[in-house]
Amino acid sequence: MSHKAHIPIGPYHPLQEEPEFYKLVVDDEKVVDVDVRIGYNHRGIEKLSESKSYDQSIFLVERICGICSSSHPIACCQALEDISGIEVPERALYIRSICQELERLHSHMLWLGLAGHFIGYNTVFMWAWKYREPICDIMETVTGNRQNYAMHKVGGVRRDIEKEHVSYILKRLDEFTKHLTMLKGAVLDDPVLHERLKGVGILTKEDAIDYAAIGPVARASDVDIDVRRDHPYGVYDRVKWNVITQDAGDVFAKAVVRILEMFESVSIIRQCLDKMPAGPIDSNPKDIPPGEGIGQIEAPRGECFHYIKSDGTNSPVRHKVRAPTYMNFPTFRETVVGETISDATIILAAIDPCYCCTERMLIVDESDKNVMSVEELIRLSQEKTRKIKERFVIARPEGPKQSQV
Amino acid sequence: MTIDEFLNNISGRFGGNILNASKRSEKRAYIDIYPKDIREFVRYIFKDLAFRFNTASGVDDFDSLEILYHFSHDPSGITISLRAILNDKEGPHIDTITDITRSAWWIERELHELFGIEFDGNADLRPLLLPDDWPQGVYPLRKDFLPPKRDSRKD
């Protein structure tokens, strides 16, 4: 006889990075329905922006998210530049693109670490977060900050990349690439990970298109889109790079896309440093005329979209921010349902959710007997990996000893 | 597809139902339409022309509310916005597009709670961002919204 249970997760829990509330309906081990409630972190940024000057708005959107604190300001600047037709100096475009790619590197490394933790590969977590350090150091060299860079402004950037910094940046990038190559091998050639992540949480191409999924989530489902190539901005049309796609649509494909994308990002940064012309970094615009504009950029998680309407005063009439997770998140209805409860955590984590948009209070019904904490969910997930690992060791008794990854 | 080809396409197909079509650049256009036609436009743009739905944004223009539906065509790099103006601010409503594309699921819920716009035919307009005990009829992104005064004694 089937036994359906409701499993509420959240909204606040020490193991969740951000507040969100999931409700999983499970039939024995199988997830049959899922819903999510966001909003616990809703700060009213769009409303707040209407009371700020344009210069302040850029600082404000920088604080939407600690990880995308280069993406939102650039999208916001591009929307304002779209309204006013301000030309951005060539050198500033190069610097913006370098910041964007550094951000992608550190964001994807963060994700890789968390994903490793969720399935019980804590070494991957340690490695990924450790090897992300050179990127944060480079960010500090380029912008002066490891996070919240305060780098971008309408018409240009605030800081130049000094000549003497270039060799340092290249040296640290070499260091990073060496570790990334090792990490790529450790993750992509591991038979246990293949077993654990392949065929799990599949998002079909049709669903990806219908849900308008973006970024690595779409690209892992064979939807060949990338704002950097399709709606060129910065200097992405002046450097050589590839859009990485996979056709499986499962969690493994999403990991492959992110890992391979990091190599492209490193290559873009190197080319930018090499080709960057000398010249001004700021066109010092004065006013924003009345009008409306759109800024679209490829953030690490997908397209970040800003719409601004101006009436010629110093603050926006309307400032709409659409973060990438907003489009990717609803796909959980297709990917989680039908999977086992031990896979729910990694499937939800695979879209690299960022709740930079959302949340508040919700009363969880404590009388529900089947309450499960995130800790338990992660434990279930790690348990599954351990079992697969054991099977592999038993299947190959004479083979090389399984490294404790 | 260039932006001119797109504008020719859409005016050839919908002609008199387009209030205004303005080309802002080689990559951008804004098309003003009657709210009642939204489904036909979205079906044509999303399904037939295979545009990607970016998002929708509401704007309070004091006398009226407008919704902009933004779409991008990635193979050609153009982005267009459909503008539907809702003149009845007391009971603004427009047809849902969630059955044409599920990508509008969350944004219709958001526009419903932040602007008070009803989406006819959408059965799932539960709050998305605001708390469950948010007062009825208070729409924070409307221009007449005043944030509640914080009572310092309670903090």
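Rules used throughout
- Residues numbered from 1 in each chain as written.
- Chains lettered and ligands numbered in written order.
- Predicted model: local features only at pLDDT ≥ 70, side-chain atom pairs only at ≥ 80, totals over all residues.
- Heavy atoms only, no water.
- Helix = DSSP H or I, 4+ residues; strand = E, 2+ residues; numbered from the N terminus.
- Buried < 20%, exposed > 50% of the residue type's maximum accessible area, 1.4 Å probe, protein only.
- Areas by Shrake-Rupley, 256 points an atom, 1.4 Å probe, with all protein chains shown as cover.
- Pairing = 2+ DSSP bridges.
- Axes fitted to C-alpha atoms, helices over the stretch in contact; angles between N-to-C directions.
- Polar contact = N/O pair within 3.5 Å; in protein donor to acceptor, adjacent residues only side chain to side chain.
- Contact = heavy atoms within 4.5 Å.

Peer 1: Help me get a handle on the overall build of chain A, residues and values and all.
Peer 2: Helix and strand content of chain A: 16 helices and eight strands. When the 405 residues of chain A are sorted by exposure, 60% land in the buried category. When the accessible area of chain A is evaluated, it comes to approximately 15,700 Å², of which 53% is carbon and sulfur surface.

Peer 1: I'd like a description of the sheet that holds strand S3 (residues 52–60) of chain B, backed by residues and values.
Peer 2: Residue and element names in this part refer to chain B. Pairing within the open sheet is mixed, and its five strands lie in the order S1-S2-S5-S4-S3. The open sheet has two free edges, formed respectively by strand S1 (18–23) and S3, since each of these has just one partner strand. Neighbour to neighbour, the strand axes of the sheet diverge by 20° on average, direction disregarded. Direction of pairing for S3 relative to strand S4 (residues 65–73): antiparallel, over a ladder of eight bridges.

Peer 1: Lay out the side chain of Glu303(A) with the relevant residues and their values.
Peer 2: Note that Glu303(A) resides in strand S7 (residues 302–310). Polar side-chain contacts of Glu303(A) include one of 2.8 Å to the side chain of Gln296(A). Only 2.9 Å separates the side chain of Glu303(A) from the side chain of Asn54(B), close enough to count as a polar contact. Setting aside anything within four residues of it in sequence, one finds Glu303(A) in contact with Ile214(A), Val227(A), Gln296(A), Ile297(A), Glu298(A), Arg322(A), Ala323(A), Pro324(A), Arg52(B), Asn54(B) and Ser72(B).

Peer 1: Pulling in residues and values, what's your account of the side chain of Ser265(A)?
Peer 2: All names here are of chain A. Topologically, Ser265 is positioned in helix H12 (residues 251–275). Using a relative accessible area of 1% as the deciding quantity, one classes Ser265 as buried. With residues up to four places along the chain from it excluded, the contact list for Ser265 reads Glu101, Arg104 and Leu105.

Peer 1: Talk me through the sheet that holds strand S8 (residues 316–322) of chain A; I want residue IDs and the actual numbers.
Peer 2: Residue and element names in this part refer to chain A. The strand order across the open sheet built from three strands is S6-S7-S8, with neighbouring strands paired in antiparallel fashion. The sheet terminates laterally at strand S6 (291–299) and S8, the two strands that pair on one side only. The average undirected angle you get between the axes of adjacent strands in this sheet is 10°. Strand direction decides the pairing type here: S6 and S7, joined by nine bridges, are antiparallel. Within S7, the residue paired with Glu292 across the bridge is Lys309. Along the sheet, helix H3 (residues 71–84) contacts S6, S7 and S8; its crossing angle with S6, the most-contacted strand, is approximately 150°.

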